[in-house]
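# Observations on chain architecture
Next come the chains, spelled out residue by residue.
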Amino acid sequence: MTKTPEVSSTVVRAISVINYLNDVSGPQGVSDISKGLGLSTTIVHRLLTTLKLEGMVFQDPRSKLYSLGTIFLDYANKILTEMPIAPVVEPWLMSLRDDTGETVGFYMPTGQMRICVLEYESQQEIRRTVGIGKRLPIHIGASGRAILAFQPPELQERLLASLRVEERNELEQILDEVRKQGYSTNEEEINTNVAALSAPVFDKQHRVIGALSVSGPMFRWNRKTMEPHIATLLAATEKIKNAL
């Protein structure tokens, strides 16, 4: 008879706090986390105190709200360094940057967010800059929706359920369009005078692992000027998939 392995309930709860902060948008208070996880505020506060000491969560000194600690950026950098993704993606980022003249980045999903893990900035004087480590909601912006549109239905439904009816209906229509055309665009959705074109990156099993995104100032980069580069972007994502 196989013995059931012992599991630490404290570790499990600590992981659940980390996962909760990863899944939700924006900093959270103790009561928010307590309600979201169904744990007492005393337990949540104790867990947060320990995680804070280890650098795994950050508490804003003014608002007292909690968010994930920057130590996870170190973890992400280590993963990227030791996994074969970066060496495969980077040449195509440089190629797209040179082809379009705009800033190009590679984003990966993390819960209901996506994070910029690689970026090659435009070499033009006026350019768009995102910054490696930048986290944004996955349902907003071209790169987020390029990922979200091809995630498993249960993940999509979980996010859609958190939105207002009007937002949900609009997002569902946009995601349908992204799935049909294979890429996503936005103009001034996140930043004024900035537009982006993005396409999902899949692995060999056709699971979405991230998105390539080209962004720049709208006087130079907009839906009209993007059109000649769509085929090149889609070809790059296909080459990456075949090389993984």
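Rules and cut-offs
Residues numbered from 1 in each chain as written. Predicted model: local features only at pLDDT ≥ 70, side-chain atom pairs only at ≥ 80, totals over all residues. Heavy atoms only, no water. Axes fitted to C-alpha atoms, helices over the stretch in contact; angles between N-to-C directions. Helix = DSSP H or I, 4+ residues; strand = E, 2+ residues; numbered from the N terminus. Parallel < 35°, antiparallel > 145°, perpendicular 65-115°, else oblique. Contact = heavy atoms within 4.5 Å. pLDDT = per-residue confidence, 0-100. 1 Å grid on protein atoms, 1.4 Å probe; cavity = no way out; pocket = protein on both sides within 12 Å on 5 of 7 lines; lining within 4 Å. Points joined across faces, edges and corners; volume = space filled by probe spheres on them. Nonpolar A, V, L, I, M, F, W, Y, C, P; charged D, E, K, R; others polar. Pairing = 2+ DSSP bridges. Salt bridge = Lys/Arg side-chain N within 4 Å of Asp/Glu carboxyl O. Buried < 20%, exposed > 50% of the residue type's maximum accessible area, 1.4 Å probe, protein only. Expected span 1.5 Å × (residues − 1).

## A short note on the packing of helix H1 (residues 9-23) against helix H2 (residues 30-37)
Relative to each other, H1 and H2 sit at 105°, their axes nearing to 11 Å. As the angle between them shows, H1 and H2 are arranged roughly perpendicular. Counting all contacts with H1, which are made through Ser-16, Val-17, Tyr-20 and Leu-21, the residues of H2 involved are Asp-32, Ile-33, Gly-36 and Leu-37.

## So, the confidence of the model for the chain
When pLDDT is averaged across the chain, the result is 90; 94% of the residues are at 70 or more. Confidence, expressed as mean pLDDT per element, reaches its minimum in the chain at helix H4 (residues 71-82) with 72 and its maximum at strand S7 (residues 194-202) with 97.

## Considering the layout of surface pockets
Empty pockets left among the atoms are what a rolling probe the size of a water molecule brings to light. Empty space within the second largest pocket amounts to approximately 230 Å³. Taken together, 13 residues make up the lining of the second largest pocket; nearest its centre are Pro-109, Gly-111, Gln-112, Gln-151 and Leu-155. At the level of secondary structure, the elements contributing two or more residues to the lining of the second largest pocket comprise helix H7 (153-160) and strand S8 (208-217). Looking at the lining of the second largest pocket, the element that brings in the most residues is H7, giving three residues.

## Describing empty space enclosed by the protein
For the structure shown, the criterion picks out one cavity of 30 Å³ or more. The computed volume of the largest cavity comes to approximately 160 Å³. Looking at the largest cavity, it is lined by 20 residues, and the ones nearest its centre are Tyr-107, Arg-128, Ala-196, Ser-213 and Ser-215. Elements represented by at least two residues in the lining of the largest cavity include exactly strand S3 (103-110), strand S4 (113-120), helix H6 (142-148), S7 and S8. Here the lining of the largest cavity gets four residues from one element, more than from any other, and that element is S3. Of the residues contributing to the lining of the largest cavity, the split by class is nine nonpolar, eight polar and three charged.

## Quick word on the pairing of strand S6 (residues 184-187)
Bridge count for S6 against S7 is four bridges, and the pairing is antiparallel. Looking across to S7, one finds that Glu-187 is bridged to Ala-195. As consecutive antiparallel partners, S6 and S7 are separated by six residues, and within that stretch Glu-188 has a phi angle of approximately 55°, a positive value.

## A short note on unusual backbone geometry
With a phi close to 65°, Asn-193 is a non-glycine residue in the positive phi region. Position of Asn-193 among the secondary structure elements: in the loop between S6 and S7. Phi is positive for His-206, close to 60°, though the residue is something other than glycine.

## Some details on the pattern of salt bridges
Counted by the stated rule, this structure contains ten salt bridges. In this structure, Arg-220 engages Glu-102 in a salt bridge whose closest nitrogen and oxygen atoms are separated by 2.7 Å. Residue Arg-220 is found in the loop between S8 and helix H9 (223-226), and its partner Glu-102 is found in the loop between helix H5 (85-100) and S3; the two are separated by 118 residues along the sequence. Glu-102 sits in the buried class, given a relative accessible area of 2%. Three or more residues joined by partner-sharing salt bridges are found here, namely Glu-157, Arg-168 and Glu-172.

## Comments concerning H1
An α-helical turn contains 3.6 residues, so a residue and the one three or four places further along point in the same direction. If you check H1, its first and last C-alpha atoms are 21 Å apart, about what 15 residues at 1.5 Å a residue would give, namely 21 Å. Listed in full, the buried residues belonging to H1 are Ala-14, Val-17, Ile-18, Tyr-20, Leu-21 and Asn-22.

## What to know about the environment of Lys-239
Along the chain, Lys-239 turns up in helix H10 (residues 230-243). Along the backbone, Lys-239 and Glu-154 are 85 residues apart, and their C-alpha atoms lie at a distance of 28 Å.

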